[in-house]
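Residues per chain, in single letters:
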Amino acid sequence: MHRTKKYSWAARAACVSLSLACVAPALPVAAWAAPAGTASAVSSQADASAGKVQLSVVTGVGGSVMLADGLGEPQPLPEAGLWCEPGTTLSLVLRPQEGYVVSSVSFNGQQREGMMCNFSVTPSSDSVLSVSFVSEADAGLTELAPGWHQTATGASYWRDEAGRLAMGKCTIDGKSYAFTSGGLMVTGWRSLAEGWFYFGQDGVMRTGWFEAGSSTYYADKNGVMATGWKQFEDGWAYFRSNGALVLRGNELPCVSWFKAPDAWYCFDTKGTLLTGWQQIKGSWYYFADNGKMLTGWQVINGSWYYLDASGVMCTGWLAQDGWYWLGEDGVMRSGWFQVNGVWYATRANGKVITSAWASDGTGFDFYFDASGAWTGEKRVHVA
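Throughout what follows, the structure given in this document is the object of discussion. Values in this document were obtained by computation on a predicted structure and should not be read as measured data.

### Quick look at the overall build of the protein chain
Along the protein chain, the regular secondary structure elements total one helix and 33 strands. Long-range contacts, defined here as pairs at least 24 residues apart, represent 48% of the contacts in the protein chain between residues at least 6 apart. As presented, the protein chain carries roughly 20,100 Å² of accessible surface, and 50% of it is formed by carbon and sulfur atoms.

### Some thoughts on the sheet that holds strand E6 (residues 100–107)
An order of E4-E1-E9-E6-E7 is seen for the five strands of this open sheet, with the pairing classed as mixed. In this open sheet, the two edge strands, each paired with only one partner strand, are strand E4 (82–84) and strand E7 (110–111). Summarising the sheet, strand E1 (residues 53–59) and strand E9 (residues 127–135) pair through five bridges and their orientation is parallel. If you follow Leu-55 over to E9, its bridge partner there is Ser-127.

### Considerations on the pattern of salt bridges
For the structure shown, the criterion picks out nine salt bridges. Two residues, Glu-136 and Arg-159, come together in a salt bridge whose shortest N-O distance is 2.8 Å. Of this pair, Glu-136 sits in the loop between E9 and strand E10 (147–150) while Arg-159 sits in strand E11 (residues 156–159), placing them 23 residues apart in sequence. For the pair Glu-136 and Arg-159, a shared accessibility class is recorded, and that class is buried. Put simply, Arg-206 and Asp-202 hold a salt bridge, and the shortest N to O gap is 3.3 Å. You can call Arg-206 partly exposed: its relative accessible area is 27%. Classification of Asp-202 by relative accessible area gives partly exposed; the value is 36%.

### Topic: the packing of aromatic side chains
Throughout the structure, instances matching the rule amount to 38 aromatic pairs. Summarising the aromatic geometry, the rings of Tyr-218 and Phe-232 are spaced 4.7 Å apart at their centres and angled 80° between planes, so their arrangement reads as edge-to-face. Here Tyr-218, found in strand E17 (residues 215–219), pairs with Phe-232, found in strand E18 (residues 228–232); they are 14 residues apart in sequence, far enough to count as distant. With respect to class, Tyr-218 is no different from Phe-232; both count as buried. A connected cluster of aromatic rings, assembled from ring pairs, spans Trp-317, Trp-323, Trp-325, Phe-337 and Tyr-344. Taking the ring centre of Phe-364 as reference, the NZ or CZ of Lys-378 above it sits at 4.5 Å.

### Structural notes on the side chain of Asp-365
Relative to the helices and strands, Asp-365 resides in strand E32 (residues 364–368). Polar side-chain contacts of Asp-365 include one of 2.6 Å to the side chain of His-381. The contacts of Asp-365, once residues within four sequence positions are left out, are Trp-357, Ala-358, Ser-359, Glu-377, Lys-378, Arg-379, Val-380, His-381 and Val-382.

### Here's the deal with the sheet that holds strand E5 (residues 90–96)
As a general point, the strands of a sheet are linked pairwise by backbone hydrogen bonds and lie either parallel or antiparallel. The antiparallel open sheet is built from four strands, whose spatial order is E3-E2-E5-E8. In the strand order of this sheet, the two ends are held by strand E3 (74–75) and strand E8 (118–121), each with one partner. Pairing between E5 and E8: four bridges, direction antiparallel. Across the sheet, residue Leu-90 finds its bridge partner in E8, namely Val-121.

Cut-offs applied
Residues take numbers from 1 onward in each chain, read along the sequence in its written order. Since the coordinates come from a predicted model, pLDDT governs what is reported: local features require at least 70, and pairs of side-chain atoms require 80 or more to be given and counted, while whole-chain, interface and lining totals use all residues. The basis for the side-chain values is all heavy atoms of the structure; hydrogens and waters are excluded. Strands here mean DSSP runs of E at least two residues long; helices mean DSSP runs of H or I at least four residues long; both are numbered from the N terminus. Residues are treated as being in contact if the distance between any of their heavy atoms lies within 4.5 Å. The method behind every accessible area is Shrake-Rupley, applied with a 1.4 Å probe, and residues are considered shielded solely by the protein chains displayed. Strands are labelled as partners when DSSP assigns at least two bridges between them. By salt bridge we mean one thing: a side-chain nitrogen of Lys or Arg within 4 Å of a carboxyl oxygen of Asp or Glu. The rule is simple: take the accessible area with a 1.4 Å probe, protein chains only, and divide by the maximum for that residue type; under 20% is buried, over 50% is exposed, in between is partly exposed. We call Phe, Tyr and Trp rings a pair once their centres come within 6.5 Å, taking the six-membered ring for Trp, and we label the pair stacked below 30 degrees between planes, edge-to-face above 60, and tilted otherwise. Throughout this description, the term charge over a ring refers to an Arg CZ or Lys NZ atom that lies within 6 Å of the ring centre and within 35 degrees of the ring normal. In the analysis that follows, any N or O atom pair within 3.5 Å is treated as a polar contact, provided that within protein one partner can donate a hydrogen and the other can accept it, and provided that, for residues neighboring in sequence, both atoms belong to side chains.

Shown next, in the form of structure tokens:
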């Protein structure tokens, strides 16, 4: 709960609108793709004869949508509609009327909740952008006094001394916050124009080292989440693409194998952490999503594999409290299989049957010798 207090004009002036993409309250994923074109490719021609696509804009009462020019200045939409080359990124500006806020934004039917007043879309075919507005009263933003307030549902919002809602990224009382185009304070991970940011449950933007969920992250003084290699006083640290810390205190960025206290990691020639299946000097290894090299029995994409103590994927015969057969692809075989013209069979756990009669459910028993080979003997199944 925020207390109502007055703030200086400097704090109010610090509010600026930024793009805020639609995200889930989970760890971040990749941000929007880089623009494939520019807004300068927009045409007002009322035809698509040159392979152009159209962006149709539908707005409700209470505001409008404008097109940002090359300098970021809002311009009215062409009367003939927005036509552009496929893949062109269009920069748009939402302009609610006084007393209104943005209620919802959808692009080709997909909701983009939490967007700021400035954002971009990239039509690949004829597309529709729908924007609706709602009055501040209907949105539950009923308190008009300056300072912090809460809606009936517990969401926080802030008004300056003139009663205007905070939108975008704002500095209030020396702390950084972000607000949606609907005036509500955001929390958790958010993708802004500069990168990924994290806002705590108190709405304050995190900087420096911080914990979120079960992982450790780092954000610079501007709040931008770190990824890849970054140097600190105690050495180099490596962060995954989602910002989670993997290694810390390394003397130099790695471009090969690295032994951490908990496991081995491997980096390519660009210093990027390897994950998934990787072939290194002719041998196959598997690295978990967090980069750890796996060993021993592992289920990967629904199949069993065995990775030895050095991480190398095993093939062929494997002795592990019994015999197993791993194909050239490393997958453990189960049921009947053939090696060099000899038939073998396994139990449900993949262990090869040896020195025993066994049934495969066809009404017969089959005999397998001490090596696991089927001798050719079979009999009517004996219960």
